[in-house]
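What follows is the residue order along each chain.
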Amino acid sequence: LGDIIYCEALNHQITIHTLAERFQFFGTLDSVQEKLDDRFFRCHRSYIANMEHVTDKQPGIAVMAGGGRVLIARRKQSEFTRKLLEICRKGLV
């Protein structure tokens, strides 16, 4: 799970992005989300981000390790920021 940077859904196809490679299969993001732990955050209907791999946050976009970008839904902006701060605090302790 630690190798996963983010998960993306497009046309019923799921792409799991890691630093080394991508894995694709047909399914739903909901089914993938059930298998992930609290490092992961559903920031958009099409994206689940591993918060430990977020390198930058811009309005509406999270920049991930490896240069990938994921969208952050407007209604999830503040929750995303809180979750990112929580992950950062855990890393400093």
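Structure shown above.
Quantities reported herein were computed from a predicted structural model and do not represent experimental measurements.

Trainee: Break down the sheet that holds strand β3 (residues 22-26) for me, with residues and values.
Mentor: Taken together, the five strands give an open sheet; going across it, the order is β3-β2-β1-β5-β4, and neighbouring strands pair in antiparallel fashion. Since the sheet does not close on itself, it has two edges, and those belong to β3 and β4 (40-44), each with one partner. On average, adjacent strands in this sheet sit at an angle of 20 degrees to one another, irrespective of strand direction. Where strand β1 (residues 4-10) lies against strand β2 (residues 13-18), six bridges are found, and the strand directions are antiparallel. Bridge pairing in β2 links Ile4 to Thr18.

Trainee: Explain the side chain of Lys76 to me, using residue names and the numbers behind them.
Mentor: Relative to the helices and strands, Lys76 resides in the loop between β8 (69-71) and α2 (77-92). For the buried Lys76, which has no salt bridge, the nearest side chain bearing the opposite charge is Glu79, at an N-O separation of 5.3 Å. Apart from residues no more than four positions distant in its own chain, Lys76 is found in contact with Phe41, Arg42 and Cys43.

Trainee: Tell me about the packing of aromatic side chains, residues and numbers included.
Mentor: All chains considered together, the criterion is met by two aromatic pairs. Aromatic side chains Tyr6 and Tyr47 sit 6.2 Å apart centroid to centroid with 50 degrees between the ring planes, which places their arrangement in the tilted category. Of this pair, Tyr6 sits in strand β1 while Tyr47 sits in strand β5 (residues 47-50); the two residues are 41 residues apart in sequence, bridging distant segments of the chain. The same class applies to Tyr6 and to Tyr47, which are both buried.

Trainee: So what about the pairing of β2? Which residues, and what values?
Mentor: Regular strands place their side chains on alternate faces of the sheet. Burial analysis of β2 places five of its six residues in the buried class, which makes it a mostly covered element. Connecting β1 to the next strand, β2, in antiparallel fashion are two residues, including Asn11 with a positive phi near 55 degrees.

Trainee: Quick one: what's the story with the state of the cysteines, residue by residue and with numbers?
Mentor: Disulfide: a covalent bond connecting the sulfur atoms of a pair of cysteines. The final tally for this structure, using the stated rule, is zero disulfides. For the unlinked cysteine Cys43, the closest cysteine sulfur is that of Cys7, found at 10 Å. Residue Cys43 is classed as buried on the basis of its relative accessible area of 0%. No disulfide involves Cys88; its nearest neighbouring cysteine sulfur is the one of Cys43, lying 15 Å away.

How each quantity is defined
Residues numbered from 1 in each chain as written. Predicted model: local features only at pLDDT ≥ 70, side-chain atom pairs only at ≥ 80, totals over all residues. Heavy atoms only, no water. Pairing = 2+ DSSP bridges. Helix = DSSP H or I, 4+ residues; strand = E, 2+ residues; numbered from the N terminus. Axes fitted to C-alpha atoms, helices over the stretch in contact; angles between N-to-C directions. Buried < 20%, exposed > 50% of the residue type's maximum accessible area, 1.4 Å probe, protein only. Lys, Arg positive; Asp, Glu negative; His and termini not counted. Salt bridge = Lys/Arg side-chain N within 4 Å of Asp/Glu carboxyl O. Contact = heavy atoms within 4.5 Å. Phe/Tyr/Trp six-rings, centres within 6.5 Å; stacked < 30°, edge-to-face > 60°. Disulfide = S-S within 2.5 Å.

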